[in-house]
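# Architecture and fold: a report
Given next are the chains, with one letter for each unit.
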Amino acid sequence: MNRTILITLLILMLLNVSLSFSEVSKIQFSSNDNSLKFVSSKYVSQSQTYQGKLIKVRAYEKIIYVKHPVDSNKQVINIYIPEEYFVGESINGFNTNTAPIFFPNHIGGYMSADPAKFMVTEQSTPNSMNNRTVLYALSKGYIVASAGARGRLTKDLDGHNIGKAPAAIVDLKAAIRYLKFNDQIMPGDANKIISNGTSAGGAISSLLGASGNHPDFGPYLTALGAANASDDIFAVSAYCPIINLENADMAYEWQLSNIHTFDFRGKKGDLNNEELGVSQDLKKMFPPYLNQLSLKNVNGDLLTLDSNGNGNFKEIVKAFIVKSAQKAVDSGSDLTHYSFLNIVHNKVMFVDFDGYMQYIGRMKTPPAFDALTSSSFENNLFGNETVNSRHFTNYSFTHSKEINPQIADKLQINMMNPMHYIGNSNAKVAKNWRIRHGAKDRDTGFAIPLMLSMLLQNKGYTVDFAMPWDKPHSGDYDLDELFHWMDNLCK
Ligand code: DHB
């Protein structure tokens, strides 16, 4: 019972008014928030056949998940609940009380996102890929709850920016709070929320898992009128998360400084002399960053890099590439034509790091994230209400080509970085993590998801990290494996 209720009861007692139990619970309810109560009667029935199975759901769509939305088109959640759970049946061993809640987001490029949908029309084709994931989840008995979020280009009616960092993570946290607030009245188990996303969406998914209930986000959630509940989650699935942005430029050059051609969103070319110089500067800055993380391998050995960028951390990156190639070989792929792989009797013995980098190539020019002209997605993410784009590293700020360069606030930068919250005693970190980064992904360096995985593991969380062979920057390509992992966690 909270203070307000206690004081109300004391006043009523003084006034000699006696209350029945139902009246007490009414007071308790009004002290929370009626407008964020899940209304189980407000649904439409939807059905479609998926892999030969008829999937019937109650669809609760476009529910505004905060009391004071600033963007009522995006701050909405879609919830799909299998019809079976309303008639006492079970699916895949789950029932109305135990069904986990799968929480996929459609965030990409740090742009605003709509929630995922069960029924997809021709007009909404960008969602159609991930709609398969929604159907898959429902077919396995998961409740699907997907929230929209503001993004870096979102503006209010006055033209002010309202979607810069940390808007997207604040929105998804508010949606989690909505689900937890309604746990008693909604089917499913809000203690089993599993978030999923790809790229920028993978970043926000991992940030949700890393920063549960952290007070940094409190004032933003209060301002939106988020439900009075916690926002920590049970598990994270993240595909190619574009995270650790303020350290990603160095990690990219540590990996790709020998690759002098780029292929960036339709534009190809050679790095110029200035870019080659920037690449060398950034490359040298990575080992000190990596070393101060004090990451350890499974044997407890410290992972380090020397000033040339060599050391046992690099060996671990190579080991993940070898493991990836081995899995492809084991499932029947012939990789013997790749000169960068040494394969003896179907065993991948080692990878030539530089040869492999020549093979996958470089996508971005240095600095890959904090562009000297402040022109990247990420510069745009770190704007504020009135400034569209800002720097977020000292290197790019001091080397900026802008006339009046600006740099984002430290807190704003920290609030987008899961690395900042793992091990922080004020954050409740998700226990279970599955991180995938395609072995052919060049959108960020391999060190980025690896450092996240190692840090989580070192802090005692369970991590399943792999780099699927030949996969470019993409997600949701291994749903059988993903849901197998989820089933194991939840049962
Ligand atoms: C995404 C890709 C990028 O290369 C990047 O820098 C940020 C976001 C994306 O696909 O979401």
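Above this note sits the structure.
Quantities reported herein were computed from a predicted structural model and do not represent experimental measurements.

## Section: the sheet that holds strand β5 (residues 143-147)
Spatially, nine strands are ordered β1-β2-β3-β5-β4-β6-β7-β12-β13 in an open sheet, and the strand pairing comes out mixed. Of all the strands in the sheet, just β1 (44-50) and β13 (462-466) have a single pairing partner and so form its edges. Strand-to-strand twist in this sheet, taken as the mean axis angle between neighbours without regard to direction, amounts to 20 degrees. When strand β6 (residues 189-198) meets strand β7 (residues 235-239), the two strands line up parallel, connected through five bridges.

## Looking at the packing of helix α9 (residues 312-330) against helix α14 (residues 447-458)
The contact between α9 and α14 brings their axes to 11 Å, and the two run at 105 degrees. Here α9 lies roughly perpendicular to α14, going by the angle between them. Contacts between α9 and α14 involve Phe313, Ile316, Val317 and Phe320 on the former and, on the latter, Ala447, Leu450, Met451 and Met454. Considered class by class, the residues forming the contact of α9 with α14 number eight nonpolar, no polar and no charged.

## Things to note about the nonpolar core
Core analysis: the biggest nonpolar cluster contains 149 residues, and Ile77, Ile79, Phe103, Phe286, Phe313, Met451 and Trp469 have the highest contact counts within it. Broken down by element, this core gets its largest block of residues, 10 residues, from helix α4 (residues 167-181). The two domains that each donate at least three residues to this core are domain 2 (36-243 + 417-490) and domain 3 (245-274 + 304-410). Non-local contacts of Met451, meaning those with residues more than four positions away in its chain, are made with Asn244, Phe286, Tyr289, Leu290, Leu293, Leu295, Phe313 and Met419.

## Let's talk about the pattern of salt bridges
Applying the stated criterion across every chain, the model contains 16 salt bridges. A salt bridge links Asp114 to Lys74; the shortest N-O distance between them is 2.8 Å. You can see Asp114 sitting in the loop between β4 (100-104) and α3 (128-139) and its partner Lys74 sitting in the loop between β2 (53-64) and β3 (76-82), a full 40 residues away along the chain. Given the relative accessible area of 38%, Asp114 is considered partly exposed. Since its relative accessible area comes to 17%, Lys74 is described here as buried. Put simply, Glu481 and Lys327 hold a salt bridge, and the shortest N to O gap is 3.2 Å.

## Concerning the side chain of Asn417
In this fold, Asn417 is placed in the loop between α13 (410-414) and β12 (432-436). In this view, Asn417 contacts Leu207, Asn244, Glu246 and Asn247; residues no more than four positions away in its chain are not counted.

## Overview of empty space enclosed by the protein
Tallying each qualifying case throughout the model produces two cavities of 30 Å³ or more. Its volume calculated, the second largest cavity comes out at about 30 Å³. Together, Lys53, Leu54, Ile55, Lys56, Glu84, Ile91, Leu138 and Ser139 line the second largest cavity. Broken down by secondary-structure element, the contributors of at least two residues to the lining of the second largest cavity are β2 and α3. If one sorts the elements of the lining of the second largest cavity by residue count, β2 sits on top with four residues.

## A closer look at the packing of α9 against helix α10 (residues 353-360)
For the pair α9 and α10, interaxial distance at closest approach is 11 Å and the crossing angle is 60 degrees. One finds that α9 runs oblique with respect to α10. Note on packing geometry: the crossing formed by α9 with α10 is left-handed. Between α9 and α10, the residues in contact are Lys314, Val317, Lys318 and Ile321 and Phe353, Tyr356 and Met357, respectively. Considering only residue class, the contact of α9 with α10 consists of five nonpolar, no polar and two charged.

## So, the site of the ligand
Every residue close to the ligand is listed here: Gly108, Gly109, Ser199, Ala200, Ile242, Arg265, Lys364, Phe369, Phe377, Glu378, Asp443 and His473. One of the backbone nitrogen or oxygen atoms of Ala200 is found 3.1 Å away from an oxygen atom of the ligand. Lys364 is positioned such that a nitrogen or oxygen atom in its side chain is 2.8 Å from an oxygen atom of the ligand. Coverage of the ligand by the protein amounts to 90% of the 290 Å² it exposes when considered alone. In the shell around the ligand, the residues fall into four nonpolar, four polar and four charged. Here the shell around the ligand spans two domains, and each of domain 2 (36-243 + 417-490) and domain 3 (245-274 + 304-410) adds at least three residues to it.

Rules of the game
- Residues numbered from 1 in each chain as written.
- Predicted model: local features only at pLDDT ≥ 70, side-chain atom pairs only at ≥ 80, totals over all residues.
- Heavy atoms only, no water.
- Pairing = 2+ DSSP bridges.
- Helix = DSSP H or I, 4+ residues; strand = E, 2+ residues; numbered from the N terminus.
- Axes fitted to C-alpha atoms, helices over the stretch in contact; angles between N-to-C directions.
- Parallel < 35°, antiparallel > 145°, perpendicular 65-115°, else oblique.
- Contact = heavy atoms within 4.5 Å.
- Nonpolar A, V, L, I, M, F, W, Y, C, P; charged D, E, K, R; others polar.
- Core = buried A, V, L, I, M, F, W, Y, C linked by side-chain atoms within 4.5 Å.
- Buried < 20%, exposed > 50% of the residue type's maximum accessible area, 1.4 Å probe, protein only.
- Domains from an automatic or database assignment.
- Salt bridge = Lys/Arg side-chain N within 4 Å of Asp/Glu carboxyl O.
- 1 Å grid on protein atoms, 1.4 Å probe; cavity = no way out; pocket = protein on both sides within 12 Å on 5 of 7 lines; lining within 4 Å.
- Points joined across faces, edges and corners; volume = space filled by probe spheres on them.
- Left-handed = near helix turned anticlockwise from the far one by under 90°.
- Near = heavy atom within 4 Å.
- Polar contact = N/O pair within 3.5 Å; in protein donor to acceptor, adjacent residues only side chain to side chain.
- Areas by Shrake-Rupley, 256 points an atom, 1.4 Å probe, with all protein chains shown as cover.

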